[in-house]
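# Residue-level structure breakdown
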Amino acid sequence: MKKTLYFLGLCLVVILMVSCASAPETKPVVETPVPQEKPQEVQKPAVVEKPVEKAEPKVEPKVEAAKSADEEVVAQFEGVSITKKDKEIAKSEIEEVVKKLNEITAKKDYGRWRYWLSIEYIKEFSKPEVLKKTSEGLPAHLKGKQLKNIEDYFYYVFVPSRQNKKFDDLEYLSPTKVATWTTDSKILYRFEKIDGRWLLVP
């Protein structure tokens, strides 16, 4: 009886040992970390770099010192140059003389008129042959009128032909002598600068 119990107990121990040996080992479960997705980077547009052109050195053109407009030569006589500025000054002075002559003709002021005459002018229009030729060219209503002196020339020729004339331009005939023109391109007077004054010359 004791042997039987001993045998049963031994069998039980063997069974337990076998069952323990065959039972699978349980390993602890280790969670594998899930890799987090990186946020997608926004791609910047590719910048195409243009090749840097080498700037060529600027070559400054050689400009000769241009003469100012005032120094522009408008007339020349045997080495004497008349500049644009000289002409503008002369025009301004003669314009004033023409205004005075217009006043003189309007008032038929013979005394004042003689102030603007050169000796040359007085001599020319005092010559009998000049007065005779001028008389022949008088208008029809003065037909037969004979000019006797420069005073007659003033009243019958100068005054009627020079009423309210407008001076427009001048042309140099010499460094001191000019011909003046009206706005309709007709000759008006000839002047010469004598002792600082523009006087009438034939």
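This one's a predicted model, so the numbers in the text were calculated from it and none came from an experiment.

Across all of its chains, the model carries 7 salt bridges by this definition. Measuring nitrogen to oxygen at the nearest pair gives 3.7 Å for the salt bridge that ties Glu-103 to Arg-112. Linked by salt bridges that have partners in common, Lys-87, Lys-91 and Asp-169 make up one network.

Another point: the sheet that holds strand β4 (residues 177-182). Ordered in space as β3-β4-β5-β6, the 4 strands form an open sheet in which the pairing is antiparallel. Looking at the sheet topology across the chains shown, the edges are occupied by β3 (167-172) and β6 (197-200). The mean inter-strand angle of the sheet, taken between neighbouring strand axes irrespective of direction, is 35°. Alignment of β4 against strand β5 (residues 187-194), held across 4 bridges, turns out to be antiparallel. Paired with Val-178 across the strands is Phe-191, a residue of β5.

We now examine helix α6 (residues 150-161). Of all the residues in α6, the buried ones are Ile-150, Asp-152, Tyr-153, Phe-154, Val-157, Phe-158 and Val-159. Its buried side turned inward, α6 meets α2 (84-107), α3 (110-115), α4 (119-124), α5 (128-136), β5 and β6. The N-cap of α6, judged by a side-chain oxygen 3.1 Å from the amide nitrogen of Glu-151 a few residues on, is Asn-149.

It is worth spelling out the pairing of β5 at this point. Once β4 ends, the chain turns through 4 residues before running back antiparallel as β5, passing Ser-185 with a positive phi of about 65°. Pairing of β5 with β6 involves 4 bridges; the strand directions are antiparallel. Within β6, the position partnered with Lys-193 by the bridge is Trp-198. Counting the residues between successive antiparallel strands, the hairpin from β5 to β6 contains 2 residues, one of them, Asp-195, with a positive phi of roughly 50°.

Let's shift gears to the side chain of Thr-182. Positionally, Thr-182 belongs in strand β4. Ignoring sequence-local partners within four residues, the contact set of Thr-182 consists of Lys-165, Lys-166, Asp-168 and Leu-188.

The biggest cluster of nonpolar side chains holds 35 residues, and the ones touching the most others in it are Leu-101, Trp-113, Tyr-121, Phe-191 and Leu-200. Only α2, α3, α5, α6, β3, β5 and β6 provide two or more residues apiece to this core. The residues contacting Trp-113, other than those within four sequence positions of it, are Leu-101, Ile-104, Tyr-121, Ile-150, Tyr-153, Phe-154, Phe-158 and Leu-200.

All right, on to unusual backbone geometry then. At Glu-78, a position not held by glycine, the phi torsion is positive, near 45°. Although it is not a glycine, Asn-164 sits at a positive phi angle of roughly 50°. Mapped onto the elements, Asn-164 comes out in the loop between α6 and β3. Looking at Asn-164, the relative accessible area reads 60%, which means it is exposed.

Below, the discussion takes up the packing of aromatic side chains. By the definition in use, this model includes 13 aromatic pairs. Measuring from centroid to centroid gives 4.7 Å for Tyr-121 and Phe-125, while their planes differ by 45°, and the two rings are tilted. You'll find Tyr-121 and Phe-125 in the same group, each marked buried. Judged by centre distance (4.3 Å) and plane angle (25°), the ring pair of Phe-125 and Tyr-153 falls under stacked. Pair noted here: Phe-125 is in the loop between α4 and α5 and Tyr-153 is in helix α6, with a separation of 28 residues, a long-range link.

Attention shifts here to the side chain of Ser-118. With respect to the helices, strands and loops of the structure, Ser-118 is situated in the loop between α3 and α4. Under the relative-accessibility criterion, Ser-118 is labelled buried at 3%. In this view, Ser-118 contacts Ile-194, Leu-199, Leu-200, Val-201 and Pro-202; residues no more than four positions away in its chain are not counted.

Rules used in this analysis
Residues numbered from 1 in each chain as written. Predicted model: local features only at pLDDT ≥ 70, side-chain atom pairs only at ≥ 80, totals over all residues. Heavy atoms only, no water. Salt bridge = Lys/Arg side-chain N within 4 Å of Asp/Glu carboxyl O. Pairing = 2+ DSSP bridges. Helix = DSSP H or I, 4+ residues; strand = E, 2+ residues; numbered from the N terminus. Axes fitted to C-alpha atoms, helices over the stretch in contact; angles between N-to-C directions. Buried < 20%, exposed > 50% of the residue type's maximum accessible area, 1.4 Å probe, protein only. Contact = heavy atoms within 4.5 Å. Polar contact = N/O pair within 3.5 Å; in protein donor to acceptor, adjacent residues only side chain to side chain. Core = buried A, V, L, I, M, F, W, Y, C linked by side-chain atoms within 4.5 Å. Phe/Tyr/Trp six-rings, centres within 6.5 Å; stacked < 30°, edge-to-face > 60°.

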